[in-house]
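# Coordinates in review
Okay, here's what each chain looks like letter by letter:
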Amino acid sequence: MIVTLEEAKAYLRIDHTEEDALIESLINAAESYLLNATSKTFDSTNHLARLFCLTLITDWYESRGLTVGRVGREIRPVIDSMLAQLNYCYPEVVE
């Protein structure tokens, strides 16, 4: 696991529990997105992987109902840059 529910909620500035299931789903989707895009497994020790997931989670949470699962146009360059770095600059974490 790269990001916990508590970390995602803190990043999103959410203090209620009504949307915990949604946020957990977004966490799982972001981590799957990273794995699919890089074919590498990362954990919570990789700060860029954590930021990548939190960025996707925030984008999807804020645009839910519109483009969940797709990266927003505004953050696409940031996501692409992070993916390039994660893909080429960081070794895979082997569990």
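Residues numbered from 1 in each chain as written. Predicted model: local features only at pLDDT ≥ 70, side-chain atom pairs only at ≥ 80, totals over all residues. Heavy atoms only, no water.

What follows is about the nonpolar core. Membership of the largest hydrophobic core comes to 27 residues, with the highest contact counts inside it found for I23, L34, F52, C53 and I57. When residues of this core are assigned to their parent elements, the largest contribution, nine residues, is made by helix α3 (residues 47-62). (Core = buried A, V, L, I, M, F, W, Y, C linked by side-chain atoms within 4.5 Å. Buried < 20%, exposed > 50% of the residue type's maximum accessible area, 1.4 Å probe, protein only. Helix = DSSP H or I, 4+ residues; strand = E, 2+ residues; numbered from the N terminus.)

Under the criterion given, the structure shown has two aromatic pairs. With centroids separated by 6.1 Å and ring planes inclined at 40°, the aromatic side chains of Y33 and F52 adopt a geometry described as tilted. Pair noted here: Y33 is in helix α2 (residues 20-38) and F52 is in helix α3, with a separation of 19 residues, a long-range link. On the numbers, 6.0 Å between centres and 65° between planes, the contact of Y33 with W60 is edge-to-face. You can see Y33 sitting in helix α2 and its partner W60 sitting in helix α3, a full 27 residues away along the chain. On the basis of relative accessible area, W60 is assigned to the buried category, the value being 1%. Among the aromatic residues, ring-to-ring pairing joins Y33, F52 and W60 into one connected group. (Phe/Tyr/Trp six-rings, centres within 6.5 Å; stacked < 30°, edge-to-face > 60°.)

Bringing the side chain of T58 into the picture now. By the secondary structure assignment, T58 is in helix α3. Classification of T58 as buried rests on a relative accessible area of 16%. A polar atom in the side chain of T58 sits 2.8 Å from the backbone oxygen of L54. If we ignore the near neighbours within four places in the chain, the residues touching T58 are Y11 and L12. (Polar contact = N/O pair within 3.5 Å; in protein donor to acceptor, adjacent residues only side chain to side chain. Contact = heavy atoms within 4.5 Å.)

Here the focus is the environment of I14. Turning to its location among the elements, I14 is positioned in the loop between α1 (5-12) and α2. Each C-alpha atom, one on I14 and one on V78, is 24 Å from the other, the two residues being 64 residues apart in sequence.

As a further point, take the pattern of salt bridges. Any two side chains of opposite charge can pair if their charged atoms end up close together. Considering all chains together, one arrives at four salt bridges under this definition. Close ionic contact of K9 with D20 constitutes a salt bridge, the shortest N to O distance being 2.9 Å. Of this pair, K9 sits in helix α1 while D20 sits in helix α2; the two residues are eleven residues apart in sequence, bridging distant segments of the chain. Residues K9 and D20 agree in their burial class; the two are buried. R73 is paired through a salt bridge with E74; the nearest N and O atoms lie 4.0 Å apart. (Salt bridge = Lys/Arg side-chain N within 4 Å of Asp/Glu carboxyl O.)

Function cannot be inferred from these measures alone, as they are strictly geometric.
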